[in-house]
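Topology and contacts: notes
Next come the chains, spelled out residue by residue.
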Amino acid sequence: MTRNTKVLLIEDDRSIATGLQKAMRGSGYDVAVQTRGDTGLRHALAEAYDIVITDLRLPGTDGLELVRQLHQAKPKLPIILITAHGSTETAIEATRWGAFDYLPKPFDVEELLELVGKALDSSRLMSEPIEMGDAVSARTAIVGNSRVMQSIYKEIGRVAATPVTVLIRGDTGTGKELIARAIYQHSNRAAAPFIAINCAAIPETLLESELFGHERGAFTGADTRRIGRFEQAHGGTIFLDEIGDMSVRLQAKLLRELQEKTIQRVGGKEPVPVDVRIIAATHRDLEAAIRERLFREDLFYRLSVVTLSLPPLAERAEDIPDMVRYFLRRYAPEIGVASPAISPEAIAYLQSQPWPGNVRELENATRKALLLARDYTIGVDLLREVVAKTRQPLAASQQTHAAYITELMDAVERGETHNAFARMLADLEPELYAQAIRRAQGNLTRAAQWLGVTRLKMREKLKEFGLHPRRETSGD
Ligand SMILES: Nc1ncnc2c1ncn2[C@@H]1O[C@H](COP(=O)(O)OP(=O)(O)OP(=O)(O)O)[C@@H](O)[C@H]1O
Ligand SMILES: [Mg+2]
């Protein structure tokens, strides 16, 4: 059903090429090799590869020129450069021309695989089509036909056509990222890159050079120049997720970009012109943050030219039946259920719930229920159990481990659980295995390595949780 990821490797050193090809095949990729820059470029242009990995020094066309031409023709195709000693400067130049990243030789295959994974994730964000409304068939969709969602769709249409900055607001799990991607896909920049950055996930100093880049020697450890995401996204769209978590100092730099359309690399003197459309999102109460001087008011006005506010799921409960059917359809194949079923009472029960974790929580609950019910109809009793379980421990990703343990220990004290350790494992394990096998693209060996368990154990656990690796490596 899902085809293998297609990789084009352009490398003139045959022994390196063969080694990498073998290792990547072992991880489930389809790898084609080209040994010249010019023929490599031709293949990359003519065929539908998911990612290109190229050496820098090549006969025919060199890597830098290859990146320039390929990125111009296929701006969404991720390109990773591998560079020999002494050519880092050129590789950095290539990231300005749109290469995703570079890897200096010598490197472990694992490092390359990790970078490839990252690049593919980011290209999936820009390429996976998102449908909207009720009659959705795409793998990824914004489901819901409530009045408020209809007005959101209209807004998406309206703002997509213009380059205005959009601020998306809403509680955790309400669909902010999905909306950001939809705006991008419907915009006249849809052919250019979309780069998402989670401002809450990166420490301040790193975030600054991630966004704006730095010059060599800008700070200890900055031994090469770095091109920031703003420059890389030139002509495209940047999604600043969790903008409410950005430091006031960085907010000032961002404001400057918005006002002057230039950025300054850390340690750089020259302003660099950039043309980037910004979409920002936050679950935070920015008005309160402004009062507490944690958020700049001027930036707030710049950002919120257009604001889309996503209501909590409980306020659009009429969308729940469509959403549930969509999630069932979406997860059935990977769980291995042919025709998932749910009773009308069960749907009514879901509609009556408060959903503090919003759509994400509903999605998790539906998926878990399907995992347990398999070919049987999902009923109210099962859901009640699943919802109670998912709510406390893992539903809200923000929930800290301490809070989880507190809940667990409360349950122990109330006498609801006798074996806290086993319960913790039971709560966490399925998600761990599910993510490992998904991220490893179905590759058992790799997923098992990641988790530090044997392949046999991996296989057993997948069976236990009803998870089906989409594809296994040869020899399995
Ligand atoms: N209207 C919807 N229809 C279908 N799926 C949805 C919808 N809204 C959200 N989802 C799904 O719910 C999950 C959470 O959505 P998303 O990541 O966009 O939320 P968010 O608002 O960015 O959350 P957070 O604040 O936690 O980052 C995703 O798996 C997304 O696909
Ligand atoms: Mg989000």
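Residues numbered from 1 in each chain as written. Chains lettered and ligands numbered in written order. Predicted model: local features only at pLDDT ≥ 70, side-chain atom pairs only at ≥ 80, totals over all residues. Heavy atoms only, no water.

1. Here we look at the pairing of strand β7 (residues 140-143)
Rules: Partly exposed residues are those whose accessible area sits between 20% and 50% of the maximum for their type, while under 20% is buried and over 50% is exposed, using a 1.4 Å probe and protein chains only. For helices the rule is a DSSP run of H or I covering at least 4 residues; for strands it is a run of E covering at least 2, with both sets numbered from the N terminus onward. The criterion for strand pairing is that DSSP finds at least two bridges linking the strands in question.
What you see with β7 is no split at all: Thr140 and Ile142 on one side and Ala141 and Val143 on the other are buried throughout. Two elements, strand β6 (residues 130-133) and β7, share 4 bridges in a ladder whose sense is parallel. When the bridges of β7 are listed, glycine 133 appears paired with valine 143.

2. So, the site of ligand 1
Stated precisely, the cut-off is as follows: One heavy atom suffices: a residue is near a molecule or strand as soon as one of its heavy atoms comes within 4 Å of it. Within 3.5 Å is the distance limit for a polar contact, defined as a pair of N or O atoms, with the added protein rule that one can donate a hydrogen and the other accept it, and that residues adjacent in sequence qualify only through two side-chain atoms. Computed by Shrake-Rupley with a 1.4 Å probe, the accessible areas treat only the displayed protein chains as cover when residues are assessed.
Residues in contact with ligand 1 amount to 18 residues; listed here are only the nearest, Val143, Thr172, Lys176, Arg360 and Glu363. Backbone polar atom of valine 143 to a nitrogen atom of ligand 1: 2.8 Å apart, as the coordinates give it. One of the side-chain nitrogen or oxygen atoms of arginine 360 is found 2.9 Å away from an oxygen atom of ligand 1. Expressed as a share of its isolated accessible area of 630 Å², the protein-covered part of ligand 1 is 89%.

3. Describing the side chain of glutamate 257
For clarity, the cut-off: Charged-residue counts in this description rest on Lys and Arg as positive and Asp and Glu as negative, His and the chain ends being excluded. By definition here, a salt bridge exists when the distance from a side-chain nitrogen of Lys or Arg to a carboxyl oxygen of Asp or Glu is within 4 Å. Throughout, a contact is declared for two residues whenever any of their heavy atoms are within 4.5 Å.
Mapped onto the elements of the fold, glutamate 257 is located in helix α10 (residues 248-260). Lacking a salt bridge, the buried glutamate 257 has lysine 261 as its closest oppositely charged neighbour, with an N-O distance of 4.7 Å. If we ignore the near neighbours within four places in the chain, the residues touching glutamate 257 are Phe230, Thr262, Ile263, Val274, Val276 and Ile278.

4. Here's the deal with the sheet that holds strand β5 (residues 101-104)
What counts here: An axis is simply a line fitted to the C-alpha atoms; with a helix, the fit covers only the stretch in contact. Between two such axes, the angle follows the N-to-C directions and lies from 0 to 180 degrees.
Pairing within the open sheet is parallel, and its 5 strands lie in the order β2-β1-β3-β4-β5. Of all the strands in the sheet, the pair left with one neighbour each is β2 (30-34) and β5. On average, adjacent strands in this sheet sit at an angle of 20 degrees to one another, irrespective of strand direction. For strand β1 (residues 6-10) and β2, the ladder comprises 5 bridges, and the chain directions are parallel. Bridging from a neighbouring strand, valine 7 pairs with valine 31 of β2. Each of β1, β2, β3 (51-55) and β4 (79-83) is contacted by helix α1 (residues 14-26), which is oriented at about 170 degrees to β2, the strand it contacts most. Across the face of the sheet, helix α2 (residues 37-46) comes into contact with β1, β2 and β3 while running at roughly 165 degrees to β1.

5. Details of the side chain of asparagine 358
Mapped onto the elements, asparagine 358 comes out in helix α15 (residues 358-373). Among the polar contacts made by the side chain of asparagine 358, one reaches the main-chain carbonyl oxygen of proline 356 at a distance of 3.4 Å. With near-sequence residues (within four places) excluded, asparagine 358 lies in contact with Asp171, Thr172, Gly173, Thr174, Pro312 and Leu313.

6. A few points about the sheet that holds strand β9 (residues 194-198)
Overall, parallel pairing links the 5 strands, which are arranged β9-β10-β13-β8-β14 in an open sheet. Lying at the two open borders of the sheet, with one neighbouring strand each, are β9 and β14 (306-310). Going from strand to strand, the sheet's axes swing by 15 degrees on average, the running direction of each strand aside. Across 4 bridges, the pairing between strand β10 (residues 237-241) and strand β13 (residues 277-282) is parallel. The residue of β13 that forms the bridge with isoleucine 238 is isoleucine 278.

7. Considering the packing of aromatic side chains
Formally: When the centres of two rings from Phe, Tyr and Trp lie within 6.5 Å, Trp using its six-membered ring, the rings pair. Their planes under 30 degrees apart give stacked, over 60 give edge-to-face, and anything left gives tilted. Whether a charge sits over a ring depends on NZ of Lys or CZ of Arg being within 6 Å of the ring centre and within 35 degrees of the ring normal.
Under the defined criterion, the tally for this structure stands at 5 aromatic pairs. Look at phenylalanine 212 and phenylalanine 230: their rings are 5.4 Å apart centre to centre, the planes differ by 5 degrees, and that puts the pair in the stacked class. With phenylalanine 212 in helix α8 (residues 204-212) and phenylalanine 230 in helix α9 (residues 229-232), the pair connects residues that are 18 residues apart, well separated along the chain. There is no split in this pair, since phenylalanine 212 and phenylalanine 230 are both buried. For the ring pair phenylalanine 300 and tyrosine 301, a centre distance of 5.4 Å and an interplane angle of 70 degrees mean the geometry is edge-to-face. The exposed category is assigned to tyrosine 301, whose relative accessible area is 54%. Put simply, the rings of Tyr184, Phe194 and Phe239 touch in pairs and so form one group of aromatic residues. Above the face of the phenylalanine 100 ring, arginine 229 is positioned so that its terminal group lies 5.5 Å from the ring centre.

8. Here's the deal with a negative patch on the surface
Note the cut-off: Patch definition: residues with relative accessible area over 30% and no salt bridge; like charges joined within 9 Å; nonpolar side chains (Val, Leu, Ile, Met, Phe, Trp, Tyr) joined within 5 Å. Here the site of a charge means atom NZ of a Lys, CZ of an Arg, CG of an Asp or CD of a Glu.
A cluster of acidic residues, Asp108, Glu110, Glu111 and Glu114, forms a negative patch at the surface. Within the secondary structure layout, glutamate 114 lies in helix α5 (residues 109-127). Given the relative accessible area of 53%, glutamate 114 is considered exposed.

9. Points about the domain arrangement of the protein chain
The criterion, for reference: Domain delimitation follows an automatic or database domain assignment. What gets called buried area is simply the loss in accessible area from a 1.4 Å probe that two parts show on being joined, summed for both. Here the nonpolar group is Ala, Val, Leu, Ile, Met, Phe, Trp, Tyr, Cys and Pro; Asp, Glu, Lys and Arg are the charged ones; every other residue, Gly included, is treated as polar.
Taken domain by domain, the protein chain comprises domain 1 (6-127), domain 2 (147-311) and domain 3 (314-464). If you average the C-alpha positions of domain 1 and of domain 3, the two centres end up 37 Å apart. Listed as interface residues are 8 residues of domain 1 and, on the opposing side, 4 residues of domain 3. Area buried by domain 1 at its contact with domain 3 is led by Ser27, Tyr29 and Glu110, which between them contribute 63% of it. There are 0 salt bridges connecting domain 1 and domain 3. Where domain 1 packs against domain 3, one counts 1 residue pair in polar contact (both at pLDDT 80 or more). For the side of domain 1 that touches domain 3, the per-class residue count stands at 3 nonpolar, 3 polar and 2 charged.

10. Re the nonpolar core
Let me state the cut-off plainly: Among buried residues, those of type Ala, Val, Leu, Ile, Met, Phe, Trp, Tyr and Cys that are joined through side-chain atoms within 4.5 Å constitute a nonpolar core.
Of all hydrophobic cores here, the largest spans 32 residues; its most connected members are Ile342, Leu350 and Leu362. When residues of this core are traced back to their parent elements, those giving at least two are β7, α13 (320-335), α14 (344-351), α15 and α16 (380-395). Per-element tally for this core: the top contributor is α13, with 9 residues. The residues touching leucine 362, leaving out its near neighbours within four places in the chain, are Leu313, Ile320, Met323, Val324, Phe327, Leu350 and Trp355. One finds Cys199, Leu207, Val272 and Ile290 within the second-largest nonpolar core, a separate group that totals 30 residues.

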